[in-house]
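Notes for the structure review
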Amino acid sequence: IMNKSSVDGASKAAFAVALVLTVIAQAADDSLVTLLLAPVIYLILVFVMSRVPIRLSMLGLMFAALTLQDAADSSAAKFIPPFAGVGAVLFTHLNAVDRQVVPGWVSFSGVDFLLIALLLIALARRSGKSKLDKVGNFPVPRPLTRFAYLSLGSTAWVWLLGLARGGDFGMSLWQLNRVMYLPVLFLLFSLGLRGPKDLGALLKVILVAAIYKALLCFYIVMTVTMPPDPLTGSTHPAWATSHQDSILFATAFVSVLAVLLERAVPRKQIKWYALLLPILGAGTWANNRRMAWVQVLMVFVTVYLISNPNNPVKRKITRAMYIALPVLAVYLAIGWGSDSKIFKPVHMLRSVVEPSTDGSTLWRELENFDIIMTFRTSPIFGTGYGHPYLEIVQLPAVDYSLERYAPHNSILGLWAFCGYVGYATLTLLWAVGVYFALRTYRSSKEPSYRAASLVSFGTVLVFLIQCWGDLGLGSWIGVFSMAPALATAGKLAVASGQWPALKPAPAPAAVAAK
């Protein structure tokens, strides 16, 4: 990701010091030491960010978000993953890290501080007409930027509307927290990413993070012992890490599939990408989240349907599907009513399509009914933030105070809280990002552009499925996957000539000549 032309010696030395202090804070295993060192580390990082291109800072934060665990996302059997303390200080509100040390008013995370610093750095560079982030940088189409600002304005409107209607201020902040980061991160990635030149770096971040999480999940289920399950007798954990890792695994799957389908890498590298699929599959299996398999299946189906019918890889897949279809049909028919473990994939599918066969799915169906009825009370503008959904059907009590303010089905929750107007203005950024991704895919002949466009489209689809199924909205992995995907879709549309650029991206040689 880094190169000699973009990072000077002072920045590298300062970053090395920050890493050493981070390791010391982690090794101390003491929240007080971590919180004392955190301000020093933050200031060093801000110094580094002020001297390097914004894309390096954003790629670094993206990798941290995909690999480090938010303290709110627990692992199996309270397993403490590597650098959990760093993840807590970065992605958890600091007053929740150690309530005895940090005052209650410090209700922001470390990444909030870094993002504000990056916004100020971007503003200073723009006013000073700095060329650091402009060399070879393709702009995003103006409609995408406008819809990002519209999303932020819509979020503020829904928030103020809810408070004006007597909403709970504290709960409204949690609801606000779930929707405000995506447009902000999109704007920063739009400023930082250059376009086609950064496709390789983005792919490395996604795949390295996914492989790490896959190996971690497999390690947890193989080494952590739990009390025997009363139904199955298994002592393996029912799950390994965060539910949000489903987004990461599914995005990594679509990245590898897109590269293979479009042959976007040299032939000698194809086999290495193919070898990643079993690793990702093992990690997805180990984490044991139904949503991940639904995402992988839906992404595969949609990518297959929209891809070029004359693609040689697609023709081979089609022939294999015709051969396997009768066997698959028999397997589904036999396993639909069987309790055998060999039909576990069928059981998982049945629990998704038949809510009555799974208690968790049935509970969420009843929750969805309550949210829909809430939406009907105020369909145009919604209830606003700070209000819970109406519990028309009484649900079993759960130990989660935000449950009625941040329901599992985030999409229906947005409809209830934002109404037609708020939902449309908040999510137009997503829809327009998909438009540019598919426009580039259909028109470009460059394999890397086509593969990246498929990944951008697939990432949005994965995010939507997670938001529909289980609290995907506002998750760090979700927003740090969506934001670069939307920015990349826009930049590729300009780079491929599918959208006019107001100003061409300056070439490095031209800038150097000046």
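These numbers were taken from a predicted model, which means no experiment stands behind them.

1. Remarks on the overall build of the protein chain
A tally of helices and strands in the protein chain yields 19 helices and 0 strands. Residue pairs in contact within the protein chain that sit at least 24 positions apart in sequence constitute 75% of those at least 6 positions apart.

2. A short note on the packing of aromatic side chains
Counted under the stated rule, the structure contains 16 aromatic pairs. Ring centres 6.3 Å apart and planes at 40° place the aromatic pair Trp159 and Phe169 in the tilted group. Remark: Phe169 occurs in helix α8 (residues 169-192) and Trp159 occurs in helix α7 (residues 142-164); sequence separation between them is 10 residues. Connected via pairs of aromatic rings, a cluster forms that spans Phe91, Tyr181, Phe189, Trp476 and Phe480. One residue, Arg404, lies across the ring of Tyr389, its end atom 5.9 Å from the ring centre. For the cation-ring pair, Arg450 lies above Tyr441, with the distance from its terminal atom to the ring centre recorded as 4.2 Å.

3. So, the side chain of Ser57
Tracing the backbone shows Ser57 in helix α3 (residues 54-67). Apart from residues no more than four positions distant in its own chain, Ser57 is found in contact with Met49, Val52 and Leu118.

4. Some points on helix α6 (residues 110-127)
The terminal C-alpha atoms of α6 lie 26 Å apart, and with 18 residues this matches the ideal 26 Å at 1.5 Å per residue to within 8%. Taken together, the buried positions of α6 are Gly110, Val111, Asp112, Leu114, Leu115, Ala117, Leu118, Ile121, Ala122 and Arg125. Just past α6, the residue Lys129 takes up positive phi, approximately 55°.

5. Re the pattern of salt bridges
Once their charged atoms are close, side chains differing in charge can pair, the charge on each being opposite to the other. Considering all chains together, one arrives at 7 salt bridges under this definition. The partner of Arg125 in a salt bridge is Asp133, and the shortest N-O contact between them spans 2.7 Å. In this structure, Arg125 and Asp133 share a single accessibility class: buried.

6. Here we look at the environment of Arg55
Looking at the element boundaries, Arg55 is found in helix α3. Its relative accessible area of 7% is what places Arg55 among the buried residues. For the pair Arg55 and Ser190, spaced 135 residues apart in sequence, the C-alpha to C-alpha distance is 8.9 Å.

7. Topic: the packing of helix α12 (residues 290-306) against helix α13 (residues 312-335)
When two helices pack together, their arrangement is given by the angle between their axes and by how far apart the axes lie. In contact at an axis separation of 11 Å, α12 and α13 are set at 120° when each is read in the N-to-C sense. Overall, the two elements α12 and α13 adopt an arrangement that is oblique. For the pair α12 and α13, the sense of crossing is left-handed. When α12 is examined against α13, the residues Phe300, Tyr304 and Leu305 are found in contact with a partner set consisting of Lys314, Ile317, Thr318 and Met321. Tallied by class, residues from the contact of α12 with α13 come to 5 nonpolar, 1 polar and 1 charged.

8. A few points about empty space enclosed by the protein
A full pass over the atoms with the stated rule returns 3 cavities of 30 Å³ or more. The volume enclosed by the largest cavity comes to roughly 110 Å³. Elements with a minimum of two residues in the lining of the largest cavity: α8 and α16 (410-443). Sort the elements by how many residues they give to the lining of the largest cavity and α16 lands first, with 4 residues. Considering the residues around the second largest cavity, the lining is formed by Ser151, Arg178, Val179, Leu182, Pro183, Leu426, Trp430, Phe463, Leu473 and Val479. Where the lining of the second largest cavity is concerned, the elements lending two or more residues are α8 and α16. Counting residues per element, the lining of the second largest cavity draws most heavily on α8, which supplies 4 residues. Tallied by class, the residues present in the lining of the second largest cavity amount to 8 nonpolar, 1 polar and 1 charged.

9. What about the nonpolar core?
Generally speaking, nonpolar side chains in soluble globular proteins are found buried as a group. The biggest cluster of nonpolar side chains holds 112 residues, and the ones touching the most others in it are Phe186, Phe189, Tyr273, Tyr385, Leu414, Trp430 and Phe480. Sort the elements by how many residues they give to this core and α16 lands first, with 15 residues. Those residues within four positions of Phe189 in sequence are excluded, and the remaining contacts are Met58, Met62, Phe480, Ala483, Pro484, Ala487 and Lys491. One finds Ala14, Ala25, Leu37 and Ile41 within the second-largest nonpolar core, a separate group that totals 11 residues.

10. Side note on the packing of α3 against α8
Here α3 crosses α8 at 135°, and the two axes come no closer than 8 Å. Taken together, the axes of α3 and α8 lie oblique to each other. Read as a crossing pair, α3 and α8 show a hand that is left-handed. Residues Ile54, Arg55, Met58 and Met62 of α3 touch α8, and the partners they reach there are Leu185, Leu188, Phe189 and Gly192. Residue composition of the contact of α3 with α8, by class: 6 nonpolar, 1 polar and 1 charged.

About the cut-offs
- Residues numbered from 1 in each chain as written.
- Predicted model: local features only at pLDDT ≥ 70, side-chain atom pairs only at ≥ 80, totals over all residues.
- Heavy atoms only, no water.
- Helix = DSSP H or I, 4+ residues; strand = E, 2+ residues; numbered from the N terminus.
- Contact = heavy atoms within 4.5 Å.
- Phe/Tyr/Trp six-rings, centres within 6.5 Å; stacked < 30°, edge-to-face > 60°.
- Lys NZ or Arg CZ within 6 Å of the ring centre and 35° of its normal.
- Expected span 1.5 Å × (residues − 1).
- Buried < 20%, exposed > 50% of the residue type's maximum accessible area, 1.4 Å probe, protein only.
- Salt bridge = Lys/Arg side-chain N within 4 Å of Asp/Glu carboxyl O.
- Axes fitted to C-alpha atoms, helices over the stretch in contact; angles between N-to-C directions.
- Parallel < 35°, antiparallel > 145°, perpendicular 65-115°, else oblique.
- Left-handed = near helix turned anticlockwise from the far one by under 90°.
- Nonpolar A, V, L, I, M, F, W, Y, C, P; charged D, E, K, R; others polar.
- 1 Å grid on protein atoms, 1.4 Å probe; cavity = no way out; pocket = protein on both sides within 12 Å on 5 of 7 lines; lining within 4 Å.
- Points joined across faces, edges and corners; volume = space filled by probe spheres on them.
- Core = buried A, V, L, I, M, F, W, Y, C linked by side-chain atoms within 4.5 Å.

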